[in-house]
Amino acid sequence: MLSTWGGNPVAPVLVGREGLLAGERIPVIGTRVTFGRNPENTVVVSSLSVSRFHAEIVLDDTQGYVLRDCGSSNGTLVNGEEIDSRLLKPGDDITIGDQEFRFEVADAMETIMALSLPRSLTLDDDEIERGPVLRVTVAGGGPVGLSLALLLEHFLGAQVNITVYDGRWRKQGRKIVWKDESQGNVRRQQVVTIQSRQYLSLPEEVQARLFDPDSYTEMWPSGPDSIGDHHPRNMRIAYIEDRLLEVANEKRGRIRLVPARFGVEEQQDGLAGQHVLAICDGGRSHTREHFAAKFGKADESIYSLNGRHLQDVVLGLRVKSGLADPMAVLLTVGQNRFLLNSLRGEGFLNMRLTEAEAAEVVGIDPVRRVFEECIASRPCLMGRDEHGDFRCSTHSTLFLPALIRGSALWKRVGEGLRLFGVEPGELSAVTSFRLDMVQRPRFTAELLPPTANSTGTYGFLLGDAANAIHFWPGRGLNSGLASAISLARSLNGAWNGKPFRDADFLRHEAAMSMLQYRHKSRAWKAMVTTDDKGDTWAIKDIIAHGIDGIAEEPDREADTATLLERLRGIRSRLEKRMTGLPDDEAILERLGTLESSTLRMLVLSGAWDTLTMGGEEVDIDIFYGRDSAAAAAAVEALEPVAQV
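Residues numbered from 1 in each chain as written. Predicted model: local features only at pLDDT ≥ 70, side-chain atom pairs only at ≥ 80, totals over all residues. Heavy atoms only, no water.

A.B. asks: Help me out: how do you make sense of the overall build of the protein chain in this one?
C.D. replies: Looking only at helices and strands, one finds 24 helices and 35 strands in the protein chain. Radius of gyration (C-alpha) of the protein chain: 28 Å, near the 26 Å computed for a compact globule of 644 residues. Considered along the principal axes of its C-alpha atoms, the protein chain spans approximately 100 × 70 × 45 Å. Burial analysis of the protein chain (644 residues in total) assigns 52% to the buried set. (Helix = DSSP H or I, 4+ residues; strand = E, 2+ residues; numbered from the N terminus. Rg over C-alpha atoms; globule rule 2.2 N^0.38 Å. Buried < 20%, exposed > 50% of the residue type's maximum accessible area, 1.4 Å probe, protein only.)

So this is what it looks like as structure tokens:
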């Protein structure tokens, strides 16, 4: 039905501004137009944030076109305001889930011509010039998923359309932001170390946004994974997530952010229209498990002792340390009981637990007086409340060991705080992590084959969904970023509008296998140690033996001398790459604050296996040539040497 506007025949039209229908012009024809996920709707919007029958536009003979919400779960907005029913005017912005339209009027003849022409004839010059568009879905909007999206946008520009899903997001106006604690999302405040081999491969605009001078420190010395004189950088993971999401929000034409968990069952039909599904939703990925048969069965046996899959449980203590970074690094590398990674002293002091200690990591409901394992199984973060107790904001439980007078575990926590110069009041929260690893047979799989109506869909495991790694050696995020960089380069090189083949991802699969081998072999050495007889033991069992298996009193003098000699050796290896390392007097003063039983524990735990931690790193540039920022920086760093 046509109407007149200013005396001319016009037809209302919806112009897609954001979402899967961005750029589409949808004429409003007839007396009723419906919107929703169900295929029976006039306008089908395949998104989890859209209800099956979400909204409708009806023609009211006395008023005009009226938009009505049909009882949707996420509501319908006009010009940012939620409505039940609203008379539409030209220029109104309509938001249905994560899809936005502009309500406009057009010349009736233009609308009729647009409907009658084949779709290929209605493309504008830009659409013709940009070539075929690669359609990518990313499950998981953490640092790895967002980095992949930004890298693809950087490489392919208008030739890529990316949709990223994450249930930890919410919509705020026209932006997507992270939910806060009151909305059920406890942000990760851990500090991570990003190696220069990875961050130099990110787009320059991403690097500029990430590396504000106040946002990072260079706590750890350069090593085999450093490019030129670019040191590894310590950053808070929540800050990384915030900056990457900010940049992605600015790429609205090519990156669509969906504040919902990717549900593969609900998205099965839409997945057939995607060329790529990147699975980046963590070590407990539901998406990966749905496609488990495609990627193959993971093998636990390689990371087992005596037929039992080995796991570590770590107590995470959010602290503010008074130690200088060089002292903190030296103490961390010198033993395997505690690990501090911080940003100007603020971060998490991680404590490796024995099996008996791990069983004590429980909460208690003070009202019902029942034990809860939320801190051990979710895991939840328990922050210090106004009474000084550690309380879970989600489940209202209290951390039991901190409540028990004389708790042996809590006493050992206090020893760790003393070792790293943390005052009792500077411990602000506790959490826990359960760490284990498996060997994955493959990281790339054809999920849906090409058909007459689709080009086929390839799936990729990235980040922790691919290689969950024990964080003691500090390579989890780096492995994830490297996997995103590798996939982005493979897709950039292989995309030509035709169906993908296994051969297109040989280099990526090889890079992923190298990352798995290097980082997991390193991480395994952070879980086990070998005695003088060549027998392999779990480090946590060595610590347990020191607690309960030695009858005689510790020899404080001998243990202090052993630790001092160990720390001297580490210092001599680090001093060429790190300034400000403590002298013997400062080390002895620090060790002197500890009880004899703690000194014995640090001796028994052993130092980091630096022979395994060091050595050659995985350089994915060997597969992709010298076209990356990291490779360019390496060449630049080597040029002065060549001239000499």
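Let us keep going from here.
A.B. asks: When you look at the sheet that holds strand β7 (residues 64-69) in this model, what are you seeing that I'm missing?
C.D. replies: Backbone-to-backbone hydrogen bonds pair the strands of a sheet. The strands run either parallel or antiparallel. Ordered by their spatial adjacency, 5 strands build an open sheet running β5-β4-β6-β7-β10, and the pairing between neighbours is mixed. Lying at the two open borders of the sheet, with one neighbouring strand each, are β5 (43-44) and β10 (85-87). As paired elements, strand β4 (residues 32-36) and strand β6 (residues 55-60) share 4 bridges and run antiparallel to each other. For Phe 35, the partnering residue across the bridge sits in β6 and is Ala 55. (Pairing = 2+ DSSP bridges.)

A.B. asks: Can you help me understand the sheet that holds strand β20 (residues 276-279) in this one?
C.D. replies: Read across the sheet, 6 strands follow the order β19-β14-β13-β20-β33-β32 without closing on themselves; strand pairing throughout is mixed. The sheet is open, and its two edges are formed by β19 (255-258) and β32 (444-448), each paired on a single side. This sheet shows a mean twist of 20 degrees between the axes of neighbouring strands, independent of strand direction. Note that strand β13 (residues 134-139) and strand β14 (residues 160-165) share 6 bridges and pair parallel. Considered in β14, the bridge of Leu 134 is made with Val 160. On the sheet, helix α3 (residues 143-156) packs against β13, β14, β19 and β20 and is oriented at approximately 170 degrees with respect to β14. (Axes fitted to C-alpha atoms, helices over the stretch in contact; angles between N-to-C directions. Contact = heavy atoms within 4.5 Å.)

A.B. asks: Whenever I open this one, the domain arrangement of the protein chain confuses me. Can you help?
C.D. replies: In many reports, interface size means the accessible area that the parts give up when they come together. What the domain assignment lists for the protein chain is domain 1 (12-105), domain 2 (134-179 + 252-302 + 438-524) and domain 3 (308-434). Listed per partner, the contact involves 7 residues of domain 2 and 13 residues of domain 3. In this assembly, domain 2 packs against domain 3 so that about 830 Å² is buried in total across both faces, 65% of it on carbon and sulfur atoms. When residues of domain 2 are sorted by the area they lose upon contact with domain 3, Arg 284, Phe 471 and Trp 472 head the list and together hold 67% of the total. The interface formed by domain 2 and domain 3 includes 0 salt bridges. There are 2 residue pairs in polar contact (both at pLDDT 80 or more) connecting domain 2 and domain 3. The residue inventory of the side of domain 2 that touches domain 3, partitioned by class, reads 4 nonpolar, 1 polar and 2 charged. (Domains from an automatic or database assignment. Buried area = accessible area lost by both parts, 1.4 Å probe. Salt bridge = Lys/Arg side-chain N within 4 Å of Asp/Glu carboxyl O. Polar contact = N/O pair within 3.5 Å; in protein donor to acceptor, adjacent residues only side chain to side chain. Nonpolar A, V, L, I, M, F, W, Y, C, P; charged D, E, K, R; others polar.)

A.B. asks: What's the story with unusual backbone geometry in this structure? I'm lost.
C.D. replies: In most cases, non-glycine residues show a negative phi, while peptide bonds are predominantly trans. Of note in this structure, Arg 344 is not a glycine but carries a positive phi near 55 degrees. Counting through the fold element by element, Arg 344 comes out in the loop between β24 (338-343) and β25 (346-353). A positive phi angle is found at Arg 369, which is not glycine, with a value near 55 degrees. You can see Arg 369 is positioned in the loop between β26 (363-365) and β27 (370-372).

A.B. asks: Would you take a moment to explain helix α17 (residues 506-524) for this structure?
C.D. replies: For α17, spanning 19 residues, the distance from its first C-alpha to its last is 27 Å, which sits close to the expected 27 Å at 1.5 Å a residue. Regarding α17, the residues found buried are His 508, Glu 509, Ala 511, Met 512, Leu 515, Gln 516, Arg 518, His 519, Lys 520, Arg 522, Ala 523 and Trp 524. (Expected span 1.5 Å × (residues − 1).)

A.B. asks: Is there a simple way to think about the environment of Ala 586 in this case?
C.D. replies: Note that Ala 586 resides in helix α20 (residues 584-591). In this structure Ala 586 comes out as partly exposed when scored by relative accessible area, which is 25%. The spatial distance from the C-alpha of Ala 586 to the C-alpha of Leu 435 is 34 Å, given a sequence separation of 151 residues.

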